[in-house]
Amino acid sequence: MAEGVVTVVAAGIKPLGEFIIQQAKFLSGVSYQIELAQIELHLIRGFLKDADTRQQDEELVRICVKLIRDAAYDLEDVIESFYLKVTSRRRGGTVKIVLKRFACIFNEGLNRYKIGSEIEDIMTKLSHLRSSLQSYNIRQISGADGVASSFKRQRDRRLTYAHQVENHIVGLEESTDILIWGMGGSGKTTLAKQVFVFLQNEVKRHFDCFAWVCISQQWEGKDVLEEILIKLTSPTSEKRKEISKMKKDEIAKEVCSIQQEKRCLVVLDDIWTQGAWHSIKAGFPISEETESRILLTTRKKEVALLASGNDHHIHQPQQLNDEQIWELFEKIAICESDKTDREVYEKKRKLGEEMLKHCSGLPLAISVLAGLLSRRETVDEWKTVLGNVNVYIMRGTNVPEREKTSQECGVSGVLALSYDDLPSHLKLCFLYLAQYPEDHEIQVTRLTQLWIAEGFIPSTSEIHGSIELMEDVSYGCLIELVERSMIQVVKSGLSGKVKTFRLHDLMRDLCLQKAKEENFSVGPVSNATLIGKVRRLALYLDENIKYEFSSKNGRDGHIRSLLYFAPKFFKQEWNKRIIRSVFNDFKLLRVLKFENIDKGFKLPKTIGNLVHLRFLSLKDSAWRGLLPSSVSNLVLLQTLDLRDGYGFSKIRNLFWNMEQLRHLYLPTTWYDAGGKLSFARLCNLQTLVNVRIEKCDLNGLVQLSNLKKLRIKRTVSSELEKLKDKLISRNRTYKHLRSLSLQAEDLEDIIPSDIVLRCPHLYKLRLYGRMTALPKELPNLTKLTLIRTRLKVDLIEILEKLPNLRMLYLDHRSLESETMVFSQGGFPHLEFLTLEGLHDLKEWRVEKEAMPSLQRLRIIWCGGLRAVPDGLQEITTLKELTIDHMHSRFCSRVGEGGEDFYKIKHVPSLIIINTWGHEEPEMEEAAGASQVVVTGPVGDSHQELTVDASPPAPDEKTEEIQLASTFFLS
């Protein structure tokens, strides 16, 4: 990994060094030392590739590599600090005058040589360390792989295995009638998911409501019970806040009561200790007659016995037999072209079977080994891996000794091999995941932004022969980890892009172990004492702990990354001193994630002292007041996320000088503090969210040619017209824009359709406001959301001809018509349809062969609609129908035994919730006045369509339909 650190440092200081070297005559002594340091870093990289592979076995090499890594970080600190001192003085006049003035300061006594001397000392240390490596017979290997070349190789070589790996369920088909215990990686959660999602015929209509909760090692009884209550009741936002204020015993009583009154299935996944069960068992009617059921997975048999009270109700997952092991392995490891060459296939099978002996039959280890081999195309490469597997198993490499068994030791060797096989840049990316909490669902977009901010991803100009943006390269790194089965996909978008993922427990253990060995990061921590130079720190916030982190004792002076992980609605009182410390004390900070802090606070003026920041997120934190003017000093920022300042945020023109800014998220609601926002110089900007046209300079806005996502909030018609006119008069198009959201100020404001026409390559479009017409030229449009557009019936004629439309939300008065007709052959690729708040709609007709690909349909708050259309019975692809906030009369028609049930009886999952009206109380009860869930097999895709039980408000629509894989190896 040291090679990766040196590579990142060399790439990071290169542009800084070039600037300083250009000014050599003003900064005598410094520029020369930087030149030498760059050369030294280049030389030492060649040795580190070999040294990284040998440090596991040789203590002296390991110490030497550690010293090189620390020295490289120190060099980066010195040069970056010096560079920012110089550039910060540019405000006082021309660059030449400023540099002369700065040089005069350095001429005073020893100050002239201080920086140069520091660089020279570090360079000398690196030179000696390089000599030491040579004395240990470390070879200099040239042509070390870079991020860009690796990304190009993996893009050209094979398609990703993201969905193939996650979708293989082998050997569990007959086991869904018994509960399970077993070690990590044995398939417990996979089996639980199979029961939870693909319910068998004999129970598919039994349960009213469901809850899936992962307990894990870091558990808190009140939080677990609260999560169960929320999932069983699908409360509103206001009700959720009420629940958060309830005491633990009150929540437990409520959870228990619901399970007594209704038929509930609650899955408690991955309970580690008896204490964890004791902390929540008051929430379950254990000794009472009830039709509710608990499904529990655990690594400890004694926990399973304690919870079930009956040895007959627990079981270990069945061991995969040899053929099942090979079936799972082959699907991942061997491509189709290899299977056609019988001689090659047989040789690989023999080698594969030899390696599989070390996996102990565990699906996780099999998948990881297969993912490793999927990148090896020749028999000789497979032989090399076999040799390495033997070495790792013989050496007994192990994860932290939570469950020291011979079985897990063997698996640990396979996992460790998968890590050591990573190229240096991917090791950095993987180790970064050590900072996330256990079982945390990691958002891909946010993670790729963090990787870029940390310097793990090269700038676009360094990717020879490619026009890929850093974000695309960063996503490619993530996909490579997916292909290697080192991370597990949780949700994917319609385009197939991974949206969220998790680390399996065993893989996380490996990640934590390696991060500790490499001194990569410290965390997770609460209020612990820190020792040594800490570069990255993850803090897991807890209501019961007071946080007093500062740099006063010198321990945190080298922190570059500070990530706060807080539970939802974290309300601990933070005094001004602590807040000032967070935003002022860590002078070299590059990354600050301060999210989900629900207790109101003001940003201190000293925030501008964090001049090294590349990433700053206050998302979902209750910061309020005026954004300090010192924020304008943060000229290196790439991502700035200010969303949700709770309506008290005041923004002024502070972003105009942030030329490196790539992603800007303004608060959902913000007020003008004087001066229009200027974006003219932000040529790298790709994301601009929650901007108000009247509050920004239009000339700069239309120049943002690299925008990929634009969200315009609450703007009056006249300002929208100005934007349209400016785009047309200057002949400007947002040719890279993929996602556009336009929201009018009030019901009478009209959104000009010409703005949409200036975005020719849109994939996602959201229009909130009145439209007189909808553009027909939207060939790439995949997702469309219409809210209060008040369009006439001919709207449908336009929409059903869009060739690639897969998601359609017709929301709150988007259509003003009593009748809606989906024509024959219309909406050929539509998969997800939501009709919500169409109060005028009385009749909906679906003609033959319309919506032939529809999978999910939601009907919400359409009070005038009398019945579901006859045409639904012809749509065999429909897997789920949700009816929410509809009249009891409508619900009784579609419920089992109702007059319209024949139209939808083929649908595996029918969900009826929140019915209203009292004309037919007996039918209301039958239909499920609170909630009825009828669910069955989802189909043959092995994917679960995740859906919120209560629909979000129009302003909070999920950006992507989320597909959750059912193959979670536990």
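Every value quoted in this text rests on a predicted model; they were computed, and no experiment measured them.

Rules behind the numbers
- Residues numbered from 1 in each chain as written.
- Predicted model: local features only at pLDDT ≥ 70, side-chain atom pairs only at ≥ 80, totals over all residues.
- Heavy atoms only, no water.
- Helix = DSSP H or I, 4+ residues; strand = E, 2+ residues; numbered from the N terminus.
- Buried < 20%, exposed > 50% of the residue type's maximum accessible area, 1.4 Å probe, protein only.
- Contact = heavy atoms within 4.5 Å.
- Areas by Shrake-Rupley, 256 points an atom, 1.4 Å probe, with all protein chains shown as cover.
- Patch = residues over 30% accessible without salt bridge, like charges linked within 9 Å, V, L, I, M, F, W, Y side chains within 5 Å.
- Salt bridge = Lys/Arg side-chain N within 4 Å of Asp/Glu carboxyl O.
- Phe/Tyr/Trp six-rings, centres within 6.5 Å; stacked < 30°, edge-to-face > 60°.
- Lys NZ or Arg CZ within 6 Å of the ring centre and 35° of its normal.
- pLDDT = per-residue confidence, 0-100.
- Core = buried A, V, L, I, M, F, W, Y, C linked by side-chain atoms within 4.5 Å.
- Lys, Arg positive; Asp, Glu negative; His and termini not counted.
- Charge placed at Lys NZ, Arg CZ, Asp CG, Glu CD.
- Pairing = 2+ DSSP bridges.
- Expected span 1.5 Å × (residues − 1).
- Polar contact = N/O pair within 3.5 Å; in protein donor to acceptor, adjacent residues only side chain to side chain.
- Axes fitted to C-alpha atoms, helices over the stretch in contact; angles between N-to-C directions.
- Parallel < 35°, antiparallel > 145°, perpendicular 65-115°, else oblique.
- Left-handed = near helix turned anticlockwise from the far one by under 90°.
- Nonpolar A, V, L, I, M, F, W, Y, C, P; charged D, E, K, R; others polar.

S.K.: Would you mind going over the overall build of the protein with me for this structure?
M.R.: Secondary structure summary: the protein contains 31 helices and 34 strands in total. Counting across all 970 residues of the protein, residues that qualify as buried make up 57%. Taking contacts inside the protein between residues at least 6 apart in sequence as the whole, the part at least 24 apart equals 67%. Of the roughly 40000 Å² that the protein leaves accessible, carbon and sulfur atoms contribute 49%.

S.K.: Please clarify how a nonpolar patch on the surface should be interpreted in this entry.
M.R.: There is a patch of nonpolar side chains on the surface, built from Leu60, Ile63 and Leu67 and spanning about 270 Å² of accessible area. Of note, Leu67 is situated in helix α3 (residues 59-87).

S.K.: What should I look at first to understand the packing of aromatic side chains in this one?
M.R.: The geometry of two aromatic rings is summed up by the distance between their centres and the angle between their planes. The tally for this structure, following the rule as stated, stands at 15 aromatic pairs. Measuring from centroid to centroid gives 5.5 Å for Phe822 and Trp844, while their planes differ by 75°, and the two rings are edge-to-face. Of this pair, Phe822 sits in strand β26 (residues 819-822) while Trp844 sits in strand β28 (residues 843-846), and the two are 22 residues apart along the sequence. For Phe822, a relative accessible area of 0% translates into the label buried. Of the residues examined, Trp844 reaches a relative accessible area of 3% and is grouped as buried. Each residue in the set Trp326, Phe329, Tyr345 and Trp382 is aromatic and connected to the rest through ring pairs, giving one cluster. Lying over the aromatic face of Tyr419, Lys427 brings its terminal NZ or CZ to 5.5 Å of the ring centre. Here the guanidinium or amino end of Arg536 rests over the ring plane of Phe520, the centre of that ring lying 4.2 Å away.

S.K.: Looking at this structure, I do not really get unusual backbone geometry. What am I missing?
M.R.: Only a minority of non-glycine residues have a phi that is not negative, and only a minority of peptide bonds are not trans. Backbone geometry places Asp620, a non-glycine residue, at a positive phi of 60°. Within the secondary structure, Asp620 is located in the loop between β14 (615-617) and β15 (623-626). Look at Asn690: it is not a glycine, yet its phi comes out positive at around 70°. Mapped onto the elements of the fold, Asn690 is located in strand β20 (residues 687-691).

S.K.: I tried to follow the pattern of salt bridges on my own but got confused; where do I start?
M.R.: A side chain of one charge can pair with a side chain of the opposite charge when the charged atoms of the two come close. Considering all chains together, one arrives at 44 salt bridges under this definition. Of the charged contacts in the structure, one is a salt bridge between Arg790 and Glu816, with a shortest N-O distance of 3.3 Å. With Arg790 in the loop between β24 (783-787) and α28 (794-799) and Glu816 in the loop between β25 (807-811) and β26, the pair connects residues that are 26 residues apart, well separated along the chain. Looking at Glu816, the relative accessible area reads 25%, which means it is partly exposed. If you follow the salt bridges from partner to partner, you end up with Arg375, Arg376, Asp421, Glu480, Glu483 and Arg484 in one network.

S.K.: Just checking my understanding: could you explain the confidence of the model for the protein for this structure?
M.R.: Atomic detail in the predicted coordinates should be set aside for any region of low pLDDT. Overall, the prediction assigns the protein a mean pLDDT of 76, with 71% of residues at 70 or greater. Confidence over residues 90-102 falls short of pLDDT 50; this stretch has 19 contacts with residues more than four positions distant or in other chains. Across residues 144-179 the pLDDT falls below 50, and counting only partners more than four positions away or on other chains, this stretch makes 94 contacts in the model.

S.K.: Looking at this structure, how should I read helix α20 (residues 424-431)?
M.R.: Residues lying three or four places apart along an α-helix face the same way, a consequence of the helix completing one turn every 3.6 residues. Burial analysis of α20 places eight of its eight residues in the buried class, which makes it a mostly covered element. Turning to α20, its buried residues number three or more, namely Ser424, His425, Leu426, Lys427, Leu428, Cys429, Phe430 and Leu431.

S.K.: I tried to follow the nonpolar core on my own but got confused; where do I start?
M.R.: Where a protein is soluble and globular, its nonpolar side chains tend to be buried together. Ranked by internal contacts, the top residues of the largest apolar core, which has 118 residues, are Phe583 and Trp844. Discounting residues that sit within four places of it in the chain, Trp844 has contacts with Met820, Phe822, Leu833, Leu835, Met851, Leu857, Ile859, Leu865 and Pro869. Ranked by size, the runner-up nonpolar core spans 50 residues in total, among them Ile457, Leu506, Phe520 and Ala538.

S.K.: Can you help me understand a positive patch on the surface in this one?
M.R.: Taken together, the side chains of Lys576, Arg580, Lys602 and Lys650 make up a positively charged region of the molecular surface. Relative to the assigned elements, Arg580 resides in helix α24 (residues 576-582). In this structure Arg580 comes out as partly exposed when scored by relative accessible area, which is 41%.

S.K.: What is the right way to look at the side chain of Ser817 in this model?
M.R.: When you line up the elements, Ser817 lands in the loop between β25 and β26. The residues touching Ser817, leaving out its near neighbours within four places in the chain, are Val793, Asp840 and Leu841.

S.K.: Sorry, what's going on with the sheet that holds strand β17 (residues 649-651) here?
M.R.: Within a sheet, neighbouring strands are paired by backbone hydrogen bonds and run either parallel or antiparallel to one another. The four strands are arranged β13-β15-β17-β19 in an open sheet whose pairing can be described as parallel. Looking along the sheet, the strands with just one partner apiece sit at the ends: β13 (601-602) and β19 (670-672). Bridge count for β13 against β15 is two bridges, and the pairing is parallel. In the strand pairing of β15, Lys602 is matched with Arg624.

S.K.: I tried to follow the pairing of strand β7 (residues 488-492) on my own but got confused; where do I start?
M.R.: Judged by how many residues are buried, β7 sits mostly within the fold: five of five residues are covered. Bridge count for β7 against strand β8 (residues 498-502) is four bridges, and the pairing is antiparallel. Residue pairing across strands places Val489 opposite Phe501, the latter belonging to β8. Connecting β7 to the next strand, β8, in antiparallel fashion are five residues, including Gly496 with a positive phi near 95°.

S.K.: Got a minute to help me understand helix α26 (residues 717-729) in this structure?
M.R.: The terminal C-alpha atoms of α26, which comprises 13 residues, lie 18 Å apart, in line with the 18 Å expected from a rise of 1.5 Å per residue. Those residues of α26 that fall on the buried side of the exposure criterion are Ser717, Glu719, Leu720, Leu723, Lys724 and Leu727. In this fold, the buried residues of α26 make contact with α25 (698-701), β21 (709-715) and α27 (753-757). Residue Asn731 follows α26 closely and has a positive phi angle near 55°.

S.K.: Looking at this model, I keep getting lost on the environment of Ser717. Mind explaining?
M.R.: Structurally, the position occupied by Ser717 is in helix α26. Spatially, the C-alpha atom of Ser717 lies 9.7 Å from that of Gly769, the residues being 52 residues apart in sequence. If near-sequence neighbours (up to four positions away) are discounted, Ser717 is found in contact with Glu748, Asp749 and Ile750. In this structure the side chain of Ser717 is engaged in a polar contact, spanning 2.6 Å, whose partner is the backbone nitrogen of Ile750.

S.K.: What's the story with the packing of helix α21 (residues 444-454) against helix α22 (residues 470-483) in this structure? I'm lost.
M.R.: The angle between the axes and the distance between the axes are what describe a pair of packed helices. Direction vectors running N to C along α21 and α22 enclose 110°, while the axes themselves pass 9 Å from each other. Taken together, α21 and α22 sit at an angle that is classed as roughly perpendicular. For the pair α21 and α22, the sense of crossing is right-handed. For the pair α21 and α22, the contacting residues are Val444, Leu447, Thr448, Trp451 and Ile452 in the first and Met470, Glu471, Ser474, Tyr475, Cys477, Leu478 and Leu481 in the second.

S.K.: Teacher, can you tell me more about the packing of helix α9 (residues 221-233) against helix α11 (residues 248-261) here?
M.R.: Orientation of α9 relative to α11, taken along the N-to-C sense of each, is 35°, at an axis distance of 9 Å. Remark: the crossing between α9 and α11 carries left-handed chirality. Across the interface between the two elements, Gly221, Lys222, Leu225, Glu226, Ile228, Leu229, Leu232 and Thr233 from α9 touch Lys248, Ile251, Ala252, Glu254, Val255, Ile258 and Gln259 from α11. Residues of the contact of α9 with α11, tallied by class, amount to eight nonpolar, three polar and four charged.

S.K.: What's the story with the pairing of strand β23 (residues 764-768) in this structure? I'm lost.
M.R.: Each regular strand carries side chains that alternate between the two faces of the sheet. Summarising burial for β23: five of the five residues are buried, a large majority. Where burial is concerned, the two faces of β23 agree: the one with Lys764, Arg766 and Tyr768 and the one with Leu765 and Leu767 are both buried. Relative to β24, β23 runs parallel, the two sharing five bridges. Of the residues in β24, the one forming a bridge with Tyr768 is Ile787.

S.K.: Would you mind going over the environment of Phe655 with me for this structure?
M.R.: You can see Phe655 is positioned in the loop between β17 and β18 (663-665). Counting along the chain gives 21 residues from Phe655 to Leu634, while the straight-line C-alpha distance between them is 8.9 Å. If we ignore the near neighbours within four places in the chain, the residues touching Phe655 are Leu627, Leu640, Leu642, Leu664, Leu666, Leu677, Ser678 and Leu682.

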